[in-house]
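Here are the chains, one letter per residue:
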Amino acid sequence: MKTIKLCLVALLAMLSVGANSQSFMAGYNVSMATTSDATALNGFHAGLSGDYALKGKLSAQYALLYNLQQLTAENTVLGQTVTSTTNSHSLDLPVRLAYTMPIDNKLSVIGFAGPNLNYYLSQKTTIETSGLINSTTEGDNIYTLENGDGKKYYSPFDIQFGIGAGIKYNSISIRVSYDWGLLDRDLLSDDVWKNNDLKISLAYTL
C-alpha cells in the first residue's frame, strides 16, 4: 500500500508539473473476465491525463483514472425475487507511447499503445431478497479474503497491455482503447482470472 501511495503522488506531480498539456477525461468502460463463469462489469471512469512531448509527433501520455463498475442480476422464483449487485472500485495508471497525425490546424488523429497498471480497491456483492422474505446481505471485499493459511484468494494488482486510437478537434478528443490482462489474479484455484478492458473516453485539454 505504501508503494501504491508513492506511485500516485509521483504521477500527480508529473501531471501537474512535467506535462506539456493536461486533460480531464471521463467515459464508459467494460471489464470482461476470462474465467470459466465469465462475467462483464460495466461502468465509468474519470481522471486526469498528461501529455509529454518526446520528438516530432511522438509523445508520452500517462493518466490516473478512477473506475466504478457494476454488475446486476435478478432472479424470481415463486414470488421471491433475489437481486445480486456487484460493485468494483479500482485505479488505472496507463502509460502510453502516442503518435499524433495532424489533419489540419484543428483536427488530428492519435494512435497509442503501452502498459496499464491496475490496483483494485474493492469488489463487493450485495444480495437483496424481496417478496415473502425481505433481507439484505453485503458480502466482504474479495481482495481481503484469506484462507486458513492466511493466503489471499485474489490479487488486487494487475498489469495490462493496451492499444487505442482517437480523434482530437481543438481541445476535445474522443478515444477508444482496449487493454489485455497479463496476470492471473486468482491466487489459489486452478481457474485463470484475467481482465480485458474496453474504454471509450471523452477528454478536454485544460
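These numbers were taken from a predicted model, which means no experiment stands behind them. (Residues numbered from 1 in each chain as written. Predicted model: local features only at pLDDT ≥ 70, side-chain atom pairs only at ≥ 80, totals over all residues. Heavy atoms only, no water.)

Observations regarding the overall build of the protein
For clarity, the cut-off: Numbering of helices and strands starts at the N terminus; helices are DSSP runs of H or I of at least 4 residues and strands are runs of E of at least 2. Residue exposure (1.4 Å probe, protein chains only): buried if accessible area is under 20% of the type maximum, exposed if over 50%, otherwise partly exposed. Two residues qualify as a contact provided that any one of their heavy atoms is within 4.5 Å of a heavy atom in the partner residue. All accessibility values rest on the Shrake-Rupley procedure with a 1.4 Å probe; residue burial counts only the protein chains present in the view.
Of the regular secondary structure elements, the protein holds one helix and nine strands. Within the protein, buried positions represent 38% of all 206 residues. Within the protein, counting contacts between residues at least 6 apart in sequence, those at least 24 apart form 59% of the total. As presented, the protein carries roughly 11500 Å² of accessible surface, and 64% of it is formed by carbon and sulfur atoms.

Concerning the confidence of the model for the protein
In low-pLDDT segments, the atomic positions of the prediction should not be examined closely. As a reminder, the rule being used: Confidence of the predictor in every single residue is expressed as pLDDT, which spans 0 to 100.
Taken as a whole, the protein shows an average pLDDT of 88; of its residues, 89% reach a score of 70 or greater. Within the protein, the lowest mean pLDDT, 55, falls on helix α1 (residues 2–18), and the highest, 97, falls on strand β8 (residues 172–181).

Comments concerning the layout of surface pockets
Put simply, the rule is: In this analysis the probe radius is 1.4 Å and the grid spacing 1 Å, with only protein atoms considered; a cavity is a set of points the probe fits into but cannot get out of, a pocket is an open set with protein on both sides within 12 Å along at least five of seven lines, and lining residues have an atom within 4 Å of a point. Grid points are joined across faces, edges and corners, and a volume is the space filled by probe spheres set on the points. Three classes are used, and their members are as follows: Ala, Val, Leu, Ile, Met, Phe, Trp, Tyr, Cys and Pro are nonpolar, Asp, Glu, Lys and Arg are charged, and the others, Gly among them, are polar.
In this structure, the largest pocket encloses a volume near 540 Å³. For the largest pocket, the lining is made up of 33 residues, of which Asp 51, Ser 59, Gln 61, Ile 110 and Arg 175 are closest to its centre. At the level of elements, β1 (21–33), β2 (40–55), β3 (58–77), β4 (80–102), β5 (107–130), β8 and β9 (195–205) are the ones that each hand at least two residues to the lining of the largest pocket. With six residues, the single largest contributor to the lining of the largest pocket is β3. Residues belonging to the lining of the largest pocket are distributed by class as follows: nine nonpolar, 16 polar and eight charged. Roughly 420 Å³ of internal volume is contained in the second largest pocket. Lining the second largest pocket we find 19 residues, and of these Ala 33, Thr 35, Thr 39, Gln 123 and Trp 193 sit closest to its centre. Mapped onto the lining of the second largest pocket, the elements with two or more residues apiece are β1, β3, β4 and β5.

A short note on the pairing of strand β6 (residues 135–138)
The criterion, for reference: At least two bridges found by DSSP between two strands is the condition for calling them paired.
Alignment of β5 against β6, held across four bridges, turns out to be antiparallel. Looking at β6, one finds that Glu 128 is bridged to Thr 136. What sits between the antiparallel neighbours β5 and β6 is a turn of four residues, in which Gly 131 has the positive phi angle 135 degrees.

Observations concerning the nonpolar core
The line we're drawing: Buried Ala, Val, Leu, Ile, Met, Phe, Trp, Tyr and Cys residues that are joined via side-chain atoms within 4.5 Å together make up what is termed a nonpolar core.
Within the largest apolar cluster, five residues are counted, these being Ala 33, Tyr 120, Ile 142, Tyr 143 and Trp 193. Not counting chain neighbours up to four residues away, the residues in contact with Ile 142 comprise Gln 123, Tyr 154 and Trp 193.

Structural notes on the side chain of Ser 201
The topology assignment puts Ser 201 in strand β9. With a relative accessible area of 6%, Ser 201 lands in the buried category. Setting aside residues no more than four positions away along its own chain, Ser 201 makes contact with Met 25, Ala 26, Gly 27, His 45, Ser 173, Ile 174 and Arg 175.

Remarks on a nonpolar patch on the surface
Spelled out, the test is: The patches described consist of residues with a relative accessible area above 30% and no salt bridge, like charges being joined within 9 Å and nonpolar side chains (Val, Leu, Ile, Met, Phe, Trp, Tyr) within 5 Å. Any carboxyl oxygen of Asp or Glu within 4 Å of a side-chain nitrogen of Lys or Arg constitutes a salt bridge here.
Judged by side-chain polarity, Phe 24, Tyr 28, Leu 48, Ile 172, Ile 174, Val 176, Ile 200, Leu 202, Tyr 204 and Leu 206 come together as a nonpolar surface patch covering roughly 930 Å² of accessible area. Put simply, the parts of the chain that give the nonpolar patch at least two residues each are β1, β8 and β9. Here Leu 202 is to be found in strand β9.

A few points about the pattern of salt bridges
This structure, assessed with the given rule, holds four salt bridges. The salt bridge involving Lys 199 is made with Asp 92; its shortest N-O contact spans 2.6 Å. With Lys 199 in strand β9 and Asp 92 in strand β4, the pair connects residues that are 107 residues apart, well separated along the chain. The same class applies to Lys 199 as to Asp 92, namely buried. Two residues, Asp 179 and Arg 96, come together in a salt bridge whose shortest N-O distance is 3.0 Å.

Here's the deal with the packing of aromatic side chains
Selection rule: Stacked, tilted and edge-to-face pairs are distinguished by plane angle, under 30 degrees for stacked and over 60 for edge-to-face with tilted covering the rest, among Phe, Tyr and Trp rings (Trp via its six-membered ring) whose centres lie within 6.5 Å. For a Lys NZ or an Arg CZ to count as sitting over a ring, it must be within 6 Å of the ring centre and within 35 degrees of the ring normal.
According to the stated counting rule, one finds six aromatic pairs in the structure shown. Ring centres of Tyr 120 and Tyr 143 lie 5.8 Å apart, and the angle between their planes is 35 degrees; on these two criteria the pair is classed as tilted. On the criterion of sequence distance, the pair formed by Tyr 120 in strand β5 and Tyr 143 in the loop between β6 and β7 (157–169) is long-range, its members being 23 residues apart. Arranged with centres 4.9 Å apart and planes meeting at 65 degrees, the rings of Tyr 178 and Trp 180 form a pair that is edge-to-face. Residue class for Trp 180 comes out partly exposed when judged on its relative accessible area of 37%. One aromatic cluster is present, formed by Tyr 153, Tyr 154 and Trp 193 through successive ring pairs. In this arrangement the basic side chain of Arg 185 is found over the ring face of Tyr 120, its NZ or CZ atom lying 4.0 Å from the centre. Note that Arg 185 overlies the ring of Trp 193, its terminal NZ or CZ placed 4.2 Å from the centroid.

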